[in-house]
Amino acid sequence: QLQLVESGGGLVQPGGSLRLSCVASGLTLDNYAIGWFRQPPGLLREGVSCIGARASLGIHADAVKGRFTTSRDNAKNTVYLHMSNLKSEDTGIYYCAAAPMYCSHPMEDFDSWGQGTQVTVSP
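Just so it is clear, the structure is predicted and the values come from calculations on it, not from any experiment. (Residues numbered from 1 in each chain as written. Predicted model: local features only at pLDDT ≥ 70, side-chain atom pairs only at ≥ 80, totals over all residues. Heavy atoms only, no water.)

### What about the sheet that holds strand β8 (residues 78-83)?
In spatial order, the strands read β1-β3-β8-β7; together these 4 strands make up an open sheet with antiparallel pairing. Both edges of this open sheet fall to β1 (3-7) and β7 (68-73), since each of them pairs with a single strand only. Adjacent strand axes in the sheet meet at a mean angle of 15° when their direction is disregarded. Pairing of β7 with β8, which is carried by 6 bridges, proceeds in the antiparallel orientation. Within the sheet, the bridge partner assigned to R72 lies in β8 and is V79. (Pairing = 2+ DSSP bridges. Helix = DSSP H or I, 4+ residues; strand = E, 2+ residues; numbered from the N terminus. Axes fitted to C-alpha atoms, helices over the stretch in contact; angles between N-to-C directions.)

Structure representation (C-alpha cells):
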C-alpha cells in the first residue's frame, strides 16, 4: 500500500522560498501521478500542481504559475514542490496525493493522502 509523507513546511516571509518533499513508501512512484494540494485557513482544499508518472515537469494552477515548480526523483521515491516568491495567500496546509499515471484525474480520484505540512507566509 502506498503511503505518502510531506515535509518542508514552515514560516517564511513574503518573497521567500520553501521546498516541500513528498516521500513515498510501500510502493514505488513509477506508476503514479502525484498531486500537490493545499487548504488555506477556512477554505476548501484546492489543487496546486501535478506531475505525471512519466513527466519531468509538473503542471500548475494559475495562482502559482511562474512561482512554483514540481519535480520528481523516482530513484528517491520523492516528489518536490519548489515554491518561490511566496505570498500571504499561499498560507495553508499542503498535501500530496497519488493517482494512477496521469494528472487528468479529478481530485476525488487521488488517494494515499499524506498528513500535510503547514506553510505560513507572514512578515
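Back to the write-up after that little detour.
### A short note on the state of the cysteines
A complete count under the given rule lists 2 disulfides for this structure. Between the sulfur atoms of C22 and its disulfide mate C96 the distance is 2.1 Å. Torsion about the S-S bond of the C22 and C96 cystine: about 80°, corresponding to right-handed handedness. Placement of C22 in strand β3 (residues 18-25) and of C96 in strand β9 (residues 92-100) is noted, with a sequence separation of 74 residues between them. Residues C22 and C96 agree in their burial class; the two are buried. When the bonded cysteines of the protein are numbered from the N-terminus onward, they pair as 1-3, 2-4. (Disulfide = S-S within 2.5 Å. Buried < 20%, exposed > 50% of the residue type's maximum accessible area, 1.4 Å probe, protein only.)

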